[in-house]
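Residue-level listing of the chains:
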Amino acid sequence: MRLQKGLSSNTLEAYMHDVSLLYTWVVEKFGQEENIEGRVQKLTLADLEEFSASLFDLGIAPSSHARILCGIRAFYKFLEIDGFIDQDPSELLEAPIQAKHLPEVLSTEEVDMLKGAIDLSKWEGHRNRAIIEVLFSCGLRVSELVTLRLSQVYEEERYVRVMGKGSKERLVPISDDAIKELHLWYDDRNKMVIKKGEEDYVFLNRRGAHLTRTMILIMIKQYAKDAGIKKTISPHTLRHSFATALLEGGCSLRAIQAMLGHESIGTTEIYTHIDMTTLRDEIEHHHPRNIAH
């Protein structure tokens, strides 16, 4: 997975966790005296369905349940491709049905409220305004933001080159507002002592090292609280808000898919549901037949 698919360390850890759950279940069912590797290779579809049922009994959420089974399928596909087994028993293994939850989104006004809650007298003020504006203007994943490098920002062309999931690169337009916020941050950044090897990262902490995803999450939640935004938000909310704003502005779903770096158009289609929900709310609040007299 690391060498052939270029998957991130976080994804690798998740898949290893999934397979370890299966191994634990095999030990509990067949006992320690079994050849565990051999037993895992001999599991049938019925065995894997029993394993899946055990996940349900543990109260694991449908989304996590589905992700675990995805890891198990990838594992058995590997065993089949590399000749450890003749037939993949997980091929017909069904994932639990998941209820579709529409993600929270922020309006442009709420994003401005978020930025307005930042104290610019603090050294990190301009940095954090730039972070929020880049997330909202470019629709980056937080993992893409914290690894964004100066050499990936093309100001004259108004693009950033993003390294996404599976080490796939894409070009995403960047707004004039985001570039303006970056310049204000660069003024402060240029005064910092930067750690060796961290010189090319766009966003740094006060010790001169690149930021972590957790730091961004804590920061955005705090600013949302300070701004009086009641929605439950995260850095990913700004990515959803980016896509929704584009769709509402008339951008095609295919273009949004390319900018978000979604492998499947099906993943991008959730934003059509958000758009329809917003439209329905507008009709309910403003259509004369819905207004109480």
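Heads up: these notes are all about the structure in this document. All residue numbers here refer to positions counted from 1 along the written sequence of the relevant chain. Residue-level local features of this predicted model are given only where pLDDT is at least 70; pairs of side-chain atoms are given and counted only at 80 or more, and the full residue set underlies all totals for whole chains, interfaces and linings. Note that the side-chain values use all heavy atoms of the structure and ignore hydrogens as well as water.

**Points about the overall build of the protein**
Okay, so step 1: On a plain count of helices and strands, the protein comes out with 13 helices and three strands.
Okay, so step 2: Here the term buried applies to any residue with accessible area under 20% of the maximum for its type, exposed to any over 50%, and partly exposed to those in between, with areas from a 1.4 Å probe on protein chains only. Every one of the 293 residues in the protein was classed for burial, and the buried ones make up 40%.
Okay, so step 3: Of the contacts formed within the protein by residues at least 6 apart in sequence, a portion of 54% connects residues at least 24 apart.
Okay, so step 4: Exposure was quantified through the Shrake-Rupley algorithm and a 1.4 Å probe, taking into account, for residues, occlusion by the shown protein chains and nothing else. Approximately 17200 Å² of the protein is accessible, and the part contributed by carbon and sulfur atoms is 53%. Every helix listed is a DSSP run of H or I at least four residues long, and every strand listed is a run of E at least two residues long, numbered separately from the N terminus. Pairs of residues are marked as contacts when any of their non-hydrogen atoms sit within 4.5 Å.

**As for a nonpolar patch on the surface**
Okay, so step 1: The patches described consist of residues with a relative accessible area above 30% and no salt bridge, like charges being joined within 9 Å and nonpolar side chains (Val, Leu, Ile, Met, Phe, Trp, Tyr) within 5 Å. Here, a salt bridge means any side-chain nitrogen of Lys or Arg that lies within 4 Å of a carboxyl oxygen of Asp or Glu. Among the surface-exposed residues, Tyr154, Tyr159 and Leu171 lie close enough to one another that they form a single nonpolar patch of about 280 Å² accessible area.
Okay, so step 2: Take Tyr159: it is sitting in strand 2 (residues 159–163).
Okay, so step 3: Residue Tyr159 is classed as partly exposed on the basis of its relative accessible area, which comes to 35%.

**Some details on helix 6 (residues 125–138)**
Okay, so step 1: Between its first and last C-alpha, helix 6 extends 20 Å over 14 residues, near the 20 Å set by a 1.5 Å rise per residue.
Okay, so step 2: Two residues or fewer past helix 6, Gly139 is found with a positive phi of approximately 70°. Given a helix with a known number of residues, its expected span is that number minus one, times 1.5 Å.

**Observations regarding the sheet that holds strand 3 (residues 169–173)**
Okay, so step 1: Spatially, 1-2-3 is the arrangement adopted by the three strands of the open sheet, whose pairing is antiparallel. Both outer strands of the open sheet, strand 1 (153–154) and strand 3, are each paired with one neighbouring strand and no more.
Okay, so step 2: The pairing criterion for strands is at least two bridges between them, as found by DSSP. In the sheet, strand 1 pairs with strand 2 via two bridges, with the strands oriented antiparallel. By the bridge assignment, Tyr154 is partnered in strand 2 with Tyr159.

**Some points on the pairing of strand 3**
Okay, so step 1: The alternating pattern of strand 3 places Arg170 and Val172 on a buried face and Glu169, Leu171 and Pro173 on a face that is not buried.
Okay, so step 2: Direction of pairing for strand 2 relative to strand 3: antiparallel, over a ladder of five bridges. In the strand pairing of strand 3, Val162 is matched with Arg170.
Okay, so step 3: What sits between the antiparallel neighbours strand 2 and strand 3 is a turn of five residues, in which Gly166 has the positive phi angle 65°.

**So, unusual backbone geometry**
Okay, so step 1: A positive phi angle, close to 60°, is found at Arg158, a residue other than glycine.
Okay, so step 2: Relative to the helices and strands, Arg158 is located in the loop between strand 1 and strand 2.
Okay, so step 3: Assessed through its relative accessible area of 35%, Arg158 is described here as partly exposed.

**Considering the nonpolar core**
Okay, so step 1: Working definition of a nonpolar core: buried Ala, Val, Leu, Ile, Met, Phe, Trp, Tyr and Cys residues. They are joined through side-chain atoms within 4.5 Å. Counting 41 residues, the largest nonpolar core has Leu114, Phe203, Ile216 and Leu238 as the members making the most contacts within it.
Okay, so step 2: Elements with a minimum of two residues in this core: helix 5 (108–116), helix 6, helix 7 (142–146), strand 2, helix 8 (176–189) and helix 9 (213–227).
Okay, so step 3: No other element matches the seven residues that helix 6 contributes to this core.
Okay, so step 4: With residues up to four places along the chain from it excluded, the contact list for Ile216 reads Ile131, Leu135, Val142, Leu145, Val146, Leu211 and Pro235.

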